[in-house]
Amino acid sequence: MTPGTITRVVGALAQATGMRDAQLNELVRVGDAKLLAEVLRIRGDEATLQVFEETNGVSLEARVIREGLPLSVDLGPGLLGAVLDGVGRPLSALAAQSGDFISPGAVAPTLDPSQRFTFRPTRAVGAPVGEGDVLGTVPERGGFEHRIMVPPGHRGVLRTLDGGVFGATDAVGELDDGTVLRLSQRWPVRRPRPSTTRLASDRPFLTGQRVFDLLFPVSEGGTVAVPGGFGTGKTVIEQSLAKFAEADVIVYVGCGERGNEMAEVLHEFGSLRDPRSGHPVLDRTVLVVNTSNMPVAAREASTYLGLTIAEYFRDMGYRAAVMADSLSRWAEALREIGSRLQEMPGEEGYPTYLASRAAKLHERAGCVRCLGAPERSGSVTLVAAVSPPGGDFSDPVTQACLRVAGALWALDPELAHQRQFPAVDAMTSYSLYSESMERWFGAHVDARWAETRASLLALLQRDVELREVASVVGHDALSDADRLLLAAAALVRELVLGQSAFDTNDACSSPGKTFQLARASLDILARGNDALAAGVAFVDLELDVTRRALASLRDCAPEQAPERAAELARRIEALAPERKKA
Ligand SMILES: Nc1ncnc2c1ncn2[C@@H]1O[C@H](COP(=O)(O)OP(=O)(O)O)[C@@H](O)[C@H]1O
Ligand SMILES: [Mg+2]
């Protein structure tokens, strides 16, 4: 492949000649610094390149060397716990080479070639194997079983397969057609990894956050958009889910957001333990870091890198989840590149293909039957933060995500201002999965789950209406029953929907605890209404007693929740006759 020559550089875009037989999306290296770039457009002999690194110092006549393949990532043992930049280079390797600031053109393999893994084959030589077949396993940190698979597109008879200690990219076997089998496989990040069929998921992606699990649940393999203005709690939600959500693997994509937040994540995840396995949270996490101080073009790639890694774990039969913070930065990167290419702009200057790109990106989530034997299924759940300017949801990126996402967790600046966290607006948020998830919760947590959820939503709806009325006629003009309802709704917001990410006892709520809390607060309302019917005047103070009792319930360990809830119910019961006497 003859090298091309740079004729023009504008920001992250460069123009090169001598590129006649280059391919769309092919990777190239630009100049003496060998800056990583991608072919975006070809016209005759000319190609437009998107450079993933700072283009300062690139000169005219600089050489463009073609790599002959699209932007790809090595997938294999060693990914868990890794911290990668937007194009798949481990930050630790880059720091070792050049210190705290990445030097342009740095090369670092995604998988550390010096790291050794013990491979145990589960297939015998001479066996016919097909794409996706599990060939054996590698134990990783935290007891994770890494399944080594035949790469998609390959089949044949196993000519050799060796157990033992290997580096991730070493050959461990061979097919009869000469295909070399390694612990790792390379995959182009922009191409979705194949599976046998898509499956409907009947299980929730348990977040450990009451407001989501109870009111707006997402299925495993589902997608949710989390739009919210600055400071509404998007990053805290993504981080809480990364720590506590029930998933085998979390891929956290920090795309275009603040660098100190990612430093926090790293620091915290290393010391924090997964409540279920007891292993450090970092052991089940892959971090893709492309913060606001890193080049824009790599931001666009980082989202695809994260999805590809999640799909790879899905293909092993695991439940993977991608936390993307945020897709607005991904879309802004598209806009910047589009405008440099002088494409016809659409709404707000975003390219006209924004909606279709967003749809394709969301389609990579899902629950699937994996390729190959043994039969298994896996999932990729996508939780995508969106940061609309001014918190205005009519923004094209929010709209593009809402068209394709299965759920909306709408964040409200007013609630965040009142420090009601997670600042979820229950009237705007929705989940298209709620019906099928109610069946799961009904079977696995409590048969009254759906009824409880409906009552809570009705209570919150009535609360909004009553507050509107009260703002006109005054609080005192409301009936006792209405005042009781307002007090009960306040209690629900504070104790059920409210959940501090920084309270170690409560940052993760089991579905059992979530249910007990919801039930207990509805019971308070019901018993209060009974008392009113029996002729007791409504006294706010009594609610305060029960509020404190409920708070003690919230702060207890989840396994104590049912017991405490029963105790609480007894206390409320004891209140009613006393009131009658009064
Ligand atoms: N669940 C929560 N519990 C407690 N505090 C929260 C919670 N969510 C957000 N906050 C507070 O709000 C601040 C801003 O949240 P952040 O996630 O950084 O917002 P965003 O990413 O939307 O700009 C946090 O620093 C924290 O003080
Ligand atoms: Mg944020």
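Structure first, text after, so check above.
In this text the structure is predicted, and so the values were computed from the model without any measurement.

Chemist: So what about the pattern of salt bridges? Which residues, and what values?
Modeler: Considering all chains together, one arrives at 36 salt bridges under this definition. Across the salt bridge formed by Arg483 and Asp480, the nearest N and O atoms sit 3.3 Å from each other. Of this pair, Arg483 and Asp480 both sit in helix α12 (residues 480-497), 3 residues apart, roughly one helical turn. By relative accessible area, which is 29% here, Asp480 ends up partly exposed. One salt-bridge network, in which partners are shared between bridges, spans Arg203, Glu220, Glu246, Asp248 and Arg319.

Chemist: Account for the side chain of Glu238, naming residues and giving values.
Modeler: Position of Glu238 relative to the elements: it lies in helix α3 (residues 234-244). At 9.4 Å, Lys234 is the nearest oppositely charged side chain to Glu238, a buried residue that forms no salt bridge. Among all residues touching Glu238, those that are not within four sequence positions of it are Tyr252, Met323, Ala324, Asp325, Val383, Ala384 and Ala385.

Chemist: Describe in detail the packing of aromatic side chains, supporting the description with residues and values.
Modeler: Considering all chains together, one arrives at 7 aromatic pairs under this definition. Ring centres of Tyr312 and Phe313 lie 5.5 Å apart, and the angle between their planes is 65°; on these two criteria the pair is classed as edge-to-face. Exposure remark for Tyr312: the relative accessible area of 1% places this residue in the buried category. Between Trp449 and Phe515, the ring centres sit 5.9 Å apart and the planes meet at 15°, which makes this aromatic pair stacked. Here Trp449, found in helix α11 (residues 449-473), pairs with Phe515, found in helix α13 (residues 511-533); they are 66 residues apart in sequence, far enough to count as distant. Assigned by exposure class, Trp449 and Phe515 land together as buried.

Chemist: If you had to explain the sheet that holds strand β2 (residues 13-17) to someone new, which residues and values would you point to?
Modeler: With antiparallel pairing, the 6 strands of this closed barrel are ordered in space as β1-β2-β5-β4-β3-β6. Along the sheet, successive strands turn relative to each other by an average axial angle of 45°, direction set aside.

Chemist: Tell me what's going on with helix α7 (residues 354-363), and back it up with residues and numbers.
Modeler: Helical geometry: 3.6 residues make up each α-helical turn, so side chains three or four residues apart lie on a common side. Those residues of α7 not exposed but buried are Leu354, Ala358, Ala359, Leu361 and His362. Each buried residue of α7 sits inside an arc of 160° when the element is viewed along its axis, so together they form one side. Exposed residues lying more than 90 degrees from the buried face of α7 are Lys360 and Glu363. On its buried face, α7 is in contact with β19 (223-227), α5 (296-315), α6 (327-340), β24 (377-386) and α8 (396-404).

Chemist: Help me get a handle on the packing of α11 against α13, residues and values and all.
Modeler: Contact geometry of α11 with α13 gives a least axis separation of 10 Å together with a crossing angle of 55°. By the criterion of interaxial angle, the relationship of α11 to α13 is oblique. α11 and α13 meet at a crossing whose hand is left-handed. Contact residues: α11 offers Trp449, Glu451, Thr452, Ser455, Leu456 and Leu459, while α13 offers Pro511, Thr514, Phe515, Ala518, Arg519, Leu522 and Leu525. Class assignment for the residues of the contact of α11 with α13 results in 8 nonpolar, 3 polar and 2 charged.

Chemist: Report on the environment of Ser292, specifying residues and quantitative values.
Modeler: Mapped onto the elements, Ser292 comes out in the loop between β21 (285-290) and α5. A relative accessible area of 43% means that Ser292 is categorised as partly exposed. Residues Ser292 and Gln23, 269 residues apart in the sequence, show an inter-C-alpha distance of 30 Å. Leaving out residues up to four positions away in the same chain, Ser292 has contacts with Gly256, Glu257, Arg258 and Arg299.

Chemist: Describe α11, and please don't skip the residues or the numbers.
Modeler: For α11, spanning 25 residues, the distance from its first C-alpha to its last is 36 Å, which sits close to the expected 36 Å at 1.5 Å a residue. For α11, the complete set of buried residues consists of Trp449, Thr452, Arg453, Leu456, Leu459, Leu460, Asp463, Leu466 and Ala470. Looking at the packing, one finds that the buried side of α11 touches α2 (210-215), α10 (434-444), α12 and α13. Phi turns positive one or two residues past the end of α11, at Gly474, with a value near 95°.

Chemist: Pulling in residues and values, what's your account of the nonpolar core?
Modeler: With 75 residues, the main nonpolar core has Phe52, Leu79, Phe119, Val251, Ile309, Phe313 and Trp330 as its most contacted residues. Per element, the largest residue contribution to this core is 10 residues, and it comes from α5. Beyond its immediate chain neighbours, meaning those up to four positions away, Trp330 contacts Cys255, Arg299, Glu300, Thr303, Tyr304, Leu354, Arg357, Ala358 and Leu361. If you look at the next biggest cluster of nonpolar residues, it comprises 62 residues, including Leu466, Leu478, Leu486 and Ala520.

Chemist: Provide a residue-level description of the pairing of strand β12 (residues 145-149), including the pertinent values.
Modeler: Pairing analysis gives 5 bridges linking strand β11 (residues 134-139) to β12, with the strands arranged antiparallel. By the bridge assignment for β12, Val138 is matched with His146. Hairpin connection of β11 to β12: 5 residues between the antiparallel strands, including Gly142 at a positive phi of 75°.

Chemist: Could you give an account of the site of ligand 1, naming the residues involved and the relevant values?
Modeler: Gly231, Lys234, Thr235, Val236 and Ala501 are the nearest of the 15 residues found near ligand 1. Note that an oxygen atom of ligand 1 is positioned 2.8 Å from one of the backbone N or O atoms of Gly231. At a separation of 3.3 Å, an oxygen atom of ligand 1 approaches a polar side-chain atom of Arg419. The residue makeup of the shell around ligand 1, split by class, is 5 nonpolar, 7 polar and 3 charged.

Chemist: I'd like a rundown of the state of the cysteines, residues and numbers included.
Modeler: According to the stated counting rule, one finds 0 disulfides in the structure shown. No disulfide involves Cys255; its nearest neighbouring cysteine sulfur is the one of Cys401, lying 12 Å away. Between Cys367, a free cysteine, and Cys370, which holds the nearest cysteine sulfur, the sulfur-to-sulfur gap is 8.7 Å.

Chemist: Could you give an account of unusual backbone geometry, with specific residues and numbers?
Modeler: A cis geometry characterises the amide bond from Ala373 onward to Pro374, with omega recorded as -5°. Along the chain, Pro374 turns up in the loop between β23 (366-369) and β24. Here the amide bond leading from Phe421 into Pro422 is cis, since omega sits at -10°, within 30 degrees of zero. Within the fold, Pro422 resides in the loop between α9 (413-417) and β26 (430-431). The phi angle at Lys34 is positive, at roughly 55°, despite the residue not being glycine. Structurally, the position occupied by Lys34 is in the loop between β3 (26-30) and β4 (35-43).

Reading the values: the criteria
Residues numbered from 1 in each chain as written. Chains lettered and ligands numbered in written order. Predicted model: local features only at pLDDT ≥ 70, side-chain atom pairs only at ≥ 80, totals over all residues. Heavy atoms only, no water. Salt bridge = Lys/Arg side-chain N within 4 Å of Asp/Glu carboxyl O. Helix = DSSP H or I, 4+ residues; strand = E, 2+ residues; numbered from the N terminus. Buried < 20%, exposed > 50% of the residue type's maximum accessible area, 1.4 Å probe, protein only. Lys, Arg positive; Asp, Glu negative; His and termini not counted. Contact = heavy atoms within 4.5 Å. Phe/Tyr/Trp six-rings, centres within 6.5 Å; stacked < 30°, edge-to-face > 60°. Pairing = 2+ DSSP bridges. Axes fitted to C-alpha atoms, helices over the stretch in contact; angles between N-to-C directions. Arc of directions from axis to C-beta. Parallel < 35°, antiparallel > 145°, perpendicular 65-115°, else oblique. Left-handed = near helix turned anticlockwise from the far one by under 90°. Nonpolar A, V, L, I, M, F, W, Y, C, P; charged D, E, K, R; others polar. Expected span 1.5 Å × (residues − 1). Core = buried A, V, L, I, M, F, W, Y, C linked by side-chain atoms within 4.5 Å. Near = heavy atom within 4 Å. Polar contact = N/O pair within 3.5 Å; in protein donor to acceptor, adjacent residues only side chain to side chain. Disulfide = S-S within 2.5 Å.

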